[in-house]
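Understanding the architecture of this molecule
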Amino acid sequence: MLTLLDPCFPVNFAGDVNKKSIVGTGEYESCYSSLKPLLEKSSCTPNDQTCSLAGTYQPSLSTVGEFFGFSEFYYTSEDTLKIAGVWNKEKFVEKASEYCATEWDQLENNWKAGMYKADENRLKNQCFKSAWVAVSSLNKQAILATF
């Protein structure tokens, strides 16, 4: 089985995703950089309200009868990083970088000791979610399209 190093998982996390073995490297900046192009809007025309996610057409929500949006902003900030409240990107990136660089064994021990209000799924995906929240904060339209 092919083993892939993934910067969006905590250091030394090991698991299988889509029949591939994944080992986390916990590199927040690399994770962030790999996600940023997904919300690039440079190919969109200035007045295009339906262009997002790497310049791909997004349908308008104006014809949708009911729409439910769910946000990761609060939970990503609070459940593991413990910094929910007023958005401060520098503080968010600092805490997310620290979290991502923490050894998986230490994160699991912290979780078992009740340090995080999270389940195991959030624990392993927190680095990715933190990078995604930071990338999507660059663009309000991207936030609406994402959440």
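Scroll up to find the structure.
Criteria and thresholds
Residues numbered from 1 in each chain as written. Predicted model: local features only at pLDDT ≥ 70, side-chain atom pairs only at ≥ 80, totals over all residues. Heavy atoms only, no water. Pairing = 2+ DSSP bridges. Helix = DSSP H or I, 4+ residues; strand = E, 2+ residues; numbered from the N terminus. Buried < 20%, exposed > 50% of the residue type's maximum accessible area, 1.4 Å probe, protein only. Contact = heavy atoms within 4.5 Å. Salt bridge = Lys/Arg side-chain N within 4 Å of Asp/Glu carboxyl O. Disulfide = S-S within 2.5 Å. Phe/Tyr/Trp six-rings, centres within 6.5 Å; stacked < 30°, edge-to-face > 60°. Core = buried A, V, L, I, M, F, W, Y, C linked by side-chain atoms within 4.5 Å.

What follows deals with the pairing of strand β2 (residues 14-17). Working note: regular strand, side chains alternate between the two faces of the sheet. Here 4 bridges tie β2 to strand β3 (residues 20-24), and the two strands are oriented antiparallel to one another. Across the sheet, V17 pairs through a bridge with K20, a residue of β3. Where β2 folds back on β3, the antiparallel hairpin that results is connected by 2 residues, among which N18 adopts a positive phi of roughly 50°.

Once that is clear, we can look at the side chain of T76. On the secondary structure map, T76 appears in helix α2 (residues 73-78). On the basis of relative accessible area, T76 is assigned to the buried category, the value being 0%. Once you skip the residues sitting within four places of it in the chain, T76 turns out to touch L81, F92, R122, Q126, K129, S130 and V133.

Under the definition given, this model contains 2 salt bridges. A salt bridge links E78 to K117, with the shortest nitrogen-to-oxygen separation between them at 3.5 Å. Pair noted here: E78 is in helix α2 and K117 is in the loop between α4 (104-112) and α5 (120-136), with a separation of 39 residues, a long-range link. Exposure remark for E78: the relative accessible area of 16% places this residue in the buried category. Among the residues examined, K117 registers a relative accessible area of 48% and is labelled partly exposed.

Here the focus is the state of the cysteines. Counted under the stated rule, the structure contains 2 disulfides. Across the disulfide, C8 is cross-linked to C31 (sulfur-sulfur distance 2.0 Å). The S-S bond linking C8 to C31 shows a torsion near 105°; that makes this disulfide right-handed. Of this pair, C8 sits in the loop between β1 (3-6) and β2 while C31 sits in helix α1 (residues 28-35), and the two are 23 residues apart along the sequence.

Let us now look at the packing of aromatic side chains. This structure, assessed with the given rule, holds 6 aromatic pairs. Here the aromatic rings of Y74 and Y75 are separated by 5.3 Å at their centres, their planes lie at 85°, and the arrangement is edge-to-face. Take Y74: its relative accessible area is 44%, and that puts it in the partly exposed class. Owing to a relative accessible area of 41%, Y75 belongs among the partly exposed residues under this scheme.

What follows concerns the nonpolar core. Y28 and F92 are the most contacted members of the largest nonpolar core, which has 27 residues in total. Of all elements in the fold, only α1, α3 (89-100), α4 and α5 reach the threshold of two or more residues within this core. Element by element, the count of residues in this core is highest for α5, at 7 residues.

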